[in-house]
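# Inside the fold
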Amino acid sequence: MSNFTKALKTLEYNKILSLLAECASTDGGRELILTTVPEADVSRVKKLLTQTTDAKHMTSVNGAPSFGGIRDVCDSVDRAVKGASLTLRELLDVADLLYVSAGLIAYSGSKNVSCGTLGEIFDRIFKNPTLEKEIKRVIITEDTISDDATPQLAAIRKNIRNTNNRIRDMLQNYITSPQYSKTLQDNIVTMRNGRYVIPVKVEHKSEISGLVHDASSSGATLFIEPVAVVDANNELRRLEAEERAEIERILANLSAEVAGFASALVLNYSNIILLDSIFARAELSWRMKAVEPIISDFINIIGARHPLLDKHKAVPIDVSLGENFDTLVITGPNTGGKTVSLKTLGLFTLMAQSGMHIPAREGSQIRVFDKVLADIGDEQSIEQSLSTFSAHMKTIVSILDEADNESLVLFDELGAGTDPTEGAALAVAITEQVRQSGAWSASTTHYSEMKVYALETPGVCNAACEFDIKTLSPTFKLIIGAPGKSNAFAIASRLGLKESVIERAGSLIAEDSKRFENVIEKLESDRIESQQKVEEAERMRLEHESILREAKSKAAADLAAAEREKERVLAKAAEIIENARATSEYVMAELEKAKRARDSERAASELEKARANIRASLKSSKNKVDPVIEHKVENYVLPRKLKKGDTVILIDINQVGTLVSEPDKDGNASVRAGIMTLKTSVKNLMLSEDAEGIIFMDEKKKRIPKAVVTESITKSFSPEIDLRGMNGEEARIELDKYFDNATVAGISTVRVIHGKGTGALKKYLWNFFKSDKRIKTFRLGNWGEGDTGVTIVELR
């Protein structure tokens, strides 16, 4: 018998196994899980827990592997080894196993994640694609073998179909012939004893020669096989026998192939259900939001949530044992969570020793025990004439006999069910005996004597299930280091017991007990106040850290953005420099080429061609690097602070705009000019009402009147452009700049003159229009607009 057998039942370990089995994909995996018992070897426990963690990590990266609901093939494989032929269903099960095996090998070979400790299990799985494909090629369903399984089977089945058709055709003559219309009971062809027959009225049996195979229950109909089809029916029976023999041969061959791969198949199945159970533990860990406990020399569980309680209502508790004390005495009110705390401690130990993660916080520690001995619940037995106290004592006697320094002992309501004085004395004595055996223990009690014993004895610690005096209800929190009150009077009052009765009960308590309970109450009050201050300090610390993290994150993001902008500007500058260099080299090369051709017969044409090439290159460069011609105003200072909505003049581009945002701390503001919104320095802005009398300078230091500055682009812009005489590339370059100016001037419709001619320029321009995102629509001019020599373009 296992050292955990009784505790498994008492601590409801079987319910955890049921939850775990629900996470498995195969019947074999579920059976393996339901027979799981805790391990007592530390290295084995660590390996099981690591396997669960590795499986959890693999599922987080690659998802859960598919186990396909495979079936146990071990008995079938054993029969095949002994020479038996397997059924179609058994062979399909083997094929399914091989398919899942190949899938798991592929899953383990993923480059995304390491298998960790599961690698050795995956490595023990073998694939046999040849056998898998052959079984699936031959067997269609568990009732059907493919016609193409072998050439012989295909030929036999073809002959069977032909013979069937021949027999039906022969019998059809009887059914459709007027000669036999009164002879037949029904105009149908049916089968009796595997042979085709027709139903004949008994009074006309002499009219059809043949073999009688059956008669109706009334005797009015005979099922006769006409002589004409006897030979064909015999041929059909012979072919069906050949078909059965061929199928048996096919199944025997496939079974022999299975026997040749028998050991690998059995090994595959055992390893796959093992993996299924491990990945089931990983899935349960996800569902419970559990963590891998640290295997240690003591117990320290942080934020433990009993897995069988409603996870939305369960109150997390902290439980420790073994580091500073080996015995824990838990006190507190009824229904306050004492027994749940005790069960949580025991159940988490059993779960961890079975390789399961525990629903607690990271860093929780568990010790491995050889035995977990528990006396929890009512063990009253009518059949054995045992009272509650006697049943508990019988269990306790057994525990004391078994307990040693590798045992965890759990007592619920130790010493209860008898005279309180004697019960308290027994509780203390039993606890001392358990400590002498070297075992660690935790027990619940209401006895004050146990609280005093825990206060006075080194290595023994009190713990209390917290009780809220204000609401007169338990909080279900476990407080290590403080004894708890039963709060019987408070609970009784809450439930409606008269105050007079409660006061009388209080007067009957001994003064020493009263003083002790008052001390406990004062300690609890001080502890709660101290805890509230600690929690508030922790809240403020976390809030400060959060603000600091946000500030650092924002600063890092701003720095990264600035670095990216710097890199972009530097790259653009490098591009401009490189473009200028390439253009100058091209110009010089063209000039040199023209110089060399000067004395040739083609000098004039070469010079003109060089000019055209240079002009196109310069225009292309201008398109890439189009420096803004800056205009300046001397001795102008803004008379007041700019505000949103002001009408301003952008000095450098001679454009009127509206201020859409007030200047920032760096002196930059956003201005909407036409359809564009620009960000510029306030030094580049002038209030429009201040423009009177101000002298503007262009790049040549020439003075520009104010009216020309504010309206220069709009007034100088023509709503039409004449491209006649240009080639396609020259026209595209001119149009590109022209569309930009139209956008700045706020013009939405323009007239492009390309002439009629051969139509080549119009075709080139229309292809350009189709790809230009600035153009909304375009069309040929109507009569009066220039007809087909003009295209009307509408800009976005």
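Residues numbered from 1 in each chain as written. Predicted model: local features only at pLDDT ≥ 70, side-chain atom pairs only at ≥ 80, totals over all residues. Heavy atoms only, no water.

### Regarding the packing of helix H14 (residues 420-436) against helix H15 (residues 448-456)
This is how the line gets drawn: Helix axes are fitted to C-alpha atoms over the stretch in contact, other axes to C-alpha atoms as well, and angles between N-to-C directions run from 0 to 180 degrees. Going along the chain from the N terminus, every DSSP run of H or I of four or more residues is numbered as a helix, and every run of E of two or more is numbered as a strand. Note: crossing handedness is left-handed where the near helix turns anticlockwise from the far helix by less than a right angle, and right-handed where it turns clockwise. Here, residues are in contact when the closest pair of their heavy atoms is within 4.5 Å. When residues are sorted by character, Ala, Val, Leu, Ile, Met, Phe, Trp, Tyr, Cys and Pro go into the nonpolar class, Asp, Glu, Lys and Arg into the charged class, and all the rest, Gly among them, into the polar class.
The N-to-C vectors of H14 and H15 enclose an angle of 35 degrees; their axes lie 8 Å apart at closest approach. At the point where H14 passes H15, the crossing takes the right-handed sense. Here Ala 424, Ala 427, Val 428, Thr 431, Glu 432 and Arg 435 of H14 come into contact with H15, specifically with Glu 449, Met 450 and Tyr 453. A per-class count over the contact of H14 with H15 returns five nonpolar, one polar and three charged.

### Thoughts on helix H4 (residues 42-62)
For an α-helix the count is 3.6 residues per turn, leaving residues at separations of three or four pointing the same way. Just so we agree on the cut-off: Under the convention used throughout, the expected extent of a helix is 1.5 Å for every residue step, that is, one less than its residue count.
The first and last C-alpha atoms of H4 sit 30 Å apart over 21 residues, in line with the 30 Å expected at 1.5 Å per residue. Among the structural elements, helix H6 (88-108), helix H7 (119-122), helix H11 (262-288), strand E7 (294-295) and helix H12 (338-352) are those in contact with the buried residues of H4.

### Thoughts on empty space enclosed by the protein
As a reminder of what qualifies: Whether a set of points on the 1 Å grid over the protein atoms alone is a cavity depends on a 1.4 Å probe fitting there but being unable to get out, while an open set qualifies as a pocket with protein on both sides within 12 Å along at least five of seven lines; lining residues are those with an atom within 4 Å of a point. Grid points are joined across faces, edges and corners, and a volume is the space filled by probe spheres set on the points.
Using the criterion set out here, one finds one cavity of 30 Å³ or more in the structure. Of the voids in this model, the largest cavity is the one considered here, and its volume is about 40 Å³. Looking at the largest cavity, the residues that line it are Asp 375, Phe 389, His 392, Met 393, Ile 396, Asp 412, Glu 413, Leu 414, Gly 415 and Ala 416. With four residues, the single largest contributor to the lining of the largest cavity is helix H13 (residues 388-402). The class makeup of the residues in the lining of the largest cavity is five nonpolar, two polar and three charged.

### Things to note about the sheet that holds strand E5 (residues 210-215)
To keep things clear, this is the line we draw: The pairing criterion for strands is at least two bridges between them, as found by DSSP.
Taking strand neighbours across the sheet as the criterion, the four strands line up as E3-E4-E6-E5 in an open arrangement whose pairing is antiparallel. A single partner strand is all that each edge strand has here, and the edge strands are strand E3 (190-192) and E5. In this sheet, neighbouring strand axes are inclined to one another by 50 degrees on average, regardless of whether the strands run parallel or antiparallel. Across four bridges, strand E4 (residues 195-201) lies against strand E6 (residues 221-226) in antiparallel orientation. Looking at E6, one finds that Pro 199 is bridged to Phe 223. Those strands touched by helix H9 (residues 151-176) are E4 and E6, and its axis lies near 10 degrees from that of E4. Contacting E4, E5 and E6, helix H10 (residues 227-260) crosses the sheet at an angle of about 75 degrees to E6.

### Here's the deal with the pairing of E5
Direction of pairing for E5 relative to E6: antiparallel, over a ladder of five bridges. Following the sheet pairing, Val 212 is matched in E6 by Ile 224. In this structure, the hairpin formed by E5 and E6 is closed by a connection of five residues, where Gly 219 is found at a positive phi of approximately 80 degrees.

### Quick notes on the confidence of the model for the protein chain
Inclusion rule: pLDDT is defined as a per-residue confidence score from the predictor, taking values between 0 and 100.
Residues of the protein chain with pLDDT of at least 70 account for 81%, and the chain-wide mean is 82. Segment residues 380-386: pLDDT under 50, and eight contacts once partners within four positions in sequence are set aside and those in other chains are kept.

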